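Structural characterization, general
Here is what each chain is made of, one letter per residue.
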Amino acid sequence: MQRSATRGRRRLELHSSERQMTVRLMLATALLWLATDPFAAERDRMVREQIEARGIRDADVLRVMRDTPRHRFVPALLRAHACDDAPLPIGHGATISQPFVVALMTELLEPGRRHTVLEIGTGSGYQAAVLARLVRHVYTIEIVPELARSAASLLAELGYGNVTVRQGDGYQGWPGLAPFDRIILTAAPPEVPQALLDQLARGGRLVAPVGSAWRGQDLVVIDKTASGAIRRRTASAVQFVPMVHGPDDKP
Ligand code: SAH
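Below or above, wherever it landed, is the structure these notes cover. (Residues numbered from 1 in each chain as written. Predicted model: local features only at pLDDT ≥ 70, side-chain atom pairs only at ≥ 80, totals over all residues.)

**Looking at the environment of Gly211**
- Locating Gly211 in the fold gives a position in strand 7 (residues 200-212).
- Classification of Gly211 by C-beta neighbours within 10 Å gives buried; the count is 21.
- Spatially, the C-alpha atoms of Gly211 and Phe240 are 9.4 Å apart, while their sequence positions differ by 29 residues.
- The contact partners of Gly211, leaving out residues within four places of it in the chain, are Ala188, Pro190, Gly216, Gln217 and Asp218. (Helix = DSSP H or I, 4+ residues; strand = E, 2+ residues; numbered from the N terminus. Buried ≥ 20, exposed ≤ 12 C-beta atoms within 10 Å, placed from the backbone. Contact = placed C-beta atoms within 7 Å.)

**Topic: the sheet that holds strand 7**
- With mixed pairing, the 7 strands of this open sheet are ordered in space as 5-4-3-6-7-8-9. In this open sheet, the two edge strands, each paired with only one partner strand, are strand 5 (163-167) and strand 9 (230-238). Taking each pair of neighbouring strands and ignoring which way they run, the sheet shows an average axis angle of 15 degrees.
- Pairing of strand 4 (residues 137-142) with strand 5 involves 5 bridges; the strand directions are parallel. Considered in strand 5, the bridge of Val138 is made with Val163.
- Together, strand 4 and strand 5 form the strand contacts of helix 6 (residues 145-157), whose direction differs from that of strand 5 by roughly 165 degrees. (Pairing = 2+ DSSP bridges. Axes fitted to C-alpha atoms, helices over the stretch in contact; angles between N-to-C directions.)

**Description of the site of the ligand**
- Of all residues adjacent to the ligand, which total 23 residues, the nearest are Ala94, Gly121, Gly123, Gly170 and Ala187.
- Looking at the shell around the ligand, the elements that each hand over two or more residues are strand 2 (94-96), helix 5 (126-132) and strand 4. (Near = placed C-beta within 6 Å.)

Right, dumping it as structure tokens:
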């Protein structure tokens, strides 16, 4: 009688020490997670409060927004604000877009695993990084040489092997690699450049802010049908930096 009570107690003790061990392990994992990715919890909140709350539902988009280390794409001095509900300056008159706008444009683009994407306006490289986890390859063009260089080296450092950055004028697109399944502009032209429409594959989609500071800008979604017809709709009002012309291409 006494022996079995002792055994029972031992079993209880064992259980409680196992429980303690599990709790310790969980704590250690959480600490390790915080130490290796101190912004993970902030990104979680960013996705919940800014992105899901405003109606973005695509599970892949939400997952990638949660996983992409946005703090690495903003200037070191602004790191504490990386997950703020706002665009942030990244130098040379450029901005990294507000998290919600990146998520919205990514969802509107309907990226697919086999897609080849052209982006105009690399900036920090953040939008390209988000897309890179959802498609086969991202080709991205940036007009400011310093931004093109720093985005390319950051994306390489972070292991984004399926992004190619080129310094150049996005008004010309990338004719040698066309057609593209998807095209995204993150700088606003007054009208969608014909060269980019020509480089969009049949069955493809282009998402772009279109307009000007004084006229206002709209986020435009353009589909090219299987027969090559163009269908256009407006998603919402937005505010992007203007798409500028290269030195050899004054309008
Ligand atoms: N997608 C970026 C946001 C970029 S802001 C990000 O995730 O950080 C818009 C960018 O478009 C700026 O870096 C600007 O220099 C670039 N840009 C403006 N006109 C351009 C053009 N004609 N061709 C290529 N890039 C252009």
